Amino acid sequence: MAAAVESAPDLLEEESAELDGYFSDEPLDPKPQYPILRETFETAVVITNLPKVPAAKVEKLTKVVTRLVSKVGELASCSDSGFTGVQLPCDENNNGTLGFAFVEFVTSEDASQALQVLQDYVFDKNHSLKVMPYARALQLKDVEEEKFEQPEPAPFVEKPNTSSWLEDQSQRDQFVTRFGKDTVVHWCDGRHEPIVDYDGSREKSAGVSWCDYYVQWSPKGSYFATLVPARGVILWGGSKYEKLMRFPAPGVEVVLFSPQENFLLISNNNRNDPNAIKVFSIQTGKLMRAFPLFPKDFIPEGLSNAEMQQIHPPPFQWSHDDKYLARMGKDLISIYETPNMGLLDRRSLIANGIHEFQFSPKANIIAYWGPEYKNQPAHVDLIELPSRNKLRQKNLFNVTKCSMVWQNDGNYLGVKVTRHTKSKKTLYNNIELFRLNEPGIPVEMLDIKDAVMAFAWEPKGSRFAMIHAENSSSTKVNVSFYDMYKKIETQQAKTTISNSKAKKMEAQI
C-alpha cells in the first residue's frame, strides 16, 4: 500500500511530461460570449382587436394567428422555453383570451412590414386587426386613466345638396366649357340658348382661381372637380357650387372618380415620384394609398430614355361597385380591395403575357386576354372576384390583337380578334361573342371577311353594330347591325350567322 502511494507522484510527473506544450502559461480568465441584449423591442408588435375566445379555443386561435403572422416574416422562437414568437394573454379567471397578442419577429424589418401589411387586415367578418409597435404599447401603459367626459357634439351644419341639379323644374342638363382661363357651367335644355349657372365669380372676387387646368364631373353628377396643380384637386357641389373638399396633390394632371363616387384617384404623371398616384376617400378626405406610376418590373430593362418615354403607364380600373381597384402589371393583375386598399388575398392574379383587362360593368368579373405564350395559345379569360374562379376560357390561334367591348348591362362580351395567316402577311377579323347569363357561358364566333374598324353595343338591349370595309384604308365603309336573339324583319337583311342566334342587317353609308 505504501509503495502504491509513493508511486503516485511519479505517475503525475509522467502524465505532466506527456502533456507538456498543450497548456498555455497564461492564467485562465474565461469571458463568455453572450448574445447582444435587445432593449428596444423593435422586433415586437402588438396585435389588437382579435376575437375573444374561451379556453377550449385558445390553441386553435393561436395556430391561426401564428400562421397569419409567419407569412409576414420569420418569428423569433425558442425551443428551450417553448416560445413560438406569438403569445395570446389570457384572463386569470376563465383562461379565455383578452383580444390581443404579442408577436416577436427575428428582424425589425419584418416587424415594420407587419405594421403595414396587417393594419386593418380583415381577420373575420367581425374583426379588423390593429397593429402597433411594442414600444408604443409601453407608452400607452403609462397613460393615466381619466374619467371619461362626453364631448359636446359639434353644431349641425347642413351639407350642400349635391343632387340639386336633378331638381331643376325645367328638367335641364348641364355642361361646362373651358376657354382661356375661364371655366363656366351652363344650363341647357336643347331648345334655348345656354344659360350660365356658375362661372367662378365668387373666387374671382376673392382673387382665387377655381380652376387652372381642366375639370371633371363625377359619374353621377354629384361632384364637380377642378384641377389647380399648385394646390391639388378641389371638389364643388350644391346649387351654389360650394367648396366641399380639397385633396393635396401638387402637379396633378389626371383624376378618376370611382363609379359610386366613394373614391377619387389622382395622378401627377411623374415617373420619378414613388407616390405619383394617390387614392382618396371622398367622404373623409383621407389618403387611402399611394402608388408609383409604373408597377414593379413593368418597364423592360436595357431601354434608352427615349424608348422608355414611349411606354405608357397601365391605367387603374374600378369595379362597378367600388369594391375593387385593379391595375395590370407584368404577367399579372394587382387587385386592391376597398376600403383598406390591401392587395386581395395578399397576392396578385397571375396572367401570363396579359395585354388588356376590363371589369364587367355590372358584376365583379374581370375579362382579360393574353397572346400566345411559349406553347400556350392566345386566350380570353373571365375571372370571378373575390373567388378567382375561372368562369370561361376561350383559346385563340394566330392572333395579332384583340379588343374587348362589354355590353352596358354586362350580359354580353364582344371580342374583336385580328388574326394573321401562317405567313403573317394577311390579316383578317372575327368576333367572339360571350353570353354571360347562360349556363356555361357559351361563345359564338362571327366571321368577318372585311376589316372591322369599330364595334359597339347599343346602350340597352341585345344588339350591336360594326363599321367595316374591304380594308382599313378604304373610303367606302359599311355599317352592319346584329341582334343576339331576334331576327330583324327588313328587306335589307342579306345574310344570317350559321348556327347562331345573331342575325345581320347591313346598311351602306
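Provided above is the structure to which this section pertains.
Cut-offs used in this document
Residues numbered from 1 in each chain as written. Predicted model: local features only at pLDDT ≥ 70, side-chain atom pairs only at ≥ 80, totals over all residues. Heavy atoms only, no water. Helix = DSSP H or I, 4+ residues; strand = E, 2+ residues; numbered from the N terminus. Polar contact = N/O pair within 3.5 Å; in protein donor to acceptor, adjacent residues only side chain to side chain. Phe/Tyr/Trp six-rings, centres within 6.5 Å; stacked < 30°, edge-to-face > 60°. Buried < 20%, exposed > 50% of the residue type's maximum accessible area, 1.4 Å probe, protein only. Lys NZ or Arg CZ within 6 Å of the ring centre and 35° of its normal.

**Let's talk about the environment of T284**
Checked against the element boundaries, T284 lands in the loop between strand 16 (277–281) and strand 17 (287–291). Placed 141 residues apart in sequence, T284 and K425 show a C-alpha to C-alpha distance of 56 Å. In terms of polar contacts, T284 uses its side chain to reach the side chain of S281, at 3.2 Å. Separated by 3.2 Å, the side chain of T284 and the backbone nitrogen of K286 make a polar contact.

**Quick notes on the packing of aromatic side chains**
Considering all chains together, one arrives at 22 aromatic pairs under this definition. Considering the side-chain rings of Y198 and Y241, the 5.2 Å spacing of their centres and the 10° angle between planes classify their relative orientation as stacked. Taken together, the residues Y198 in strand 9 (residues 195–198) and Y241 in the loop between strand 12 (232–237) and strand 13 (242–247) connect sequence positions 43 residues apart. Judged by its relative accessible area of 8%, Y198 falls in the buried class. For Y241, a relative accessible area of 5% puts it in the buried group. Between the aromatic rings of F455 and F464, the centroid separation amounts to 5.1 Å while the plane-to-plane angle is 35°, which identifies the pairing as tilted. Neither residue differs from the other here; F455 and F464 are each classed as buried. Three or more aromatic residues link up through ring pairs in this structure, and these residues are Y198, W210, W217, F224, W236 and Y241. In this structure, R435 is placed above the aromatic ring of Y485, and the distance from its NZ or CZ to the ring centre is 4.9 Å.

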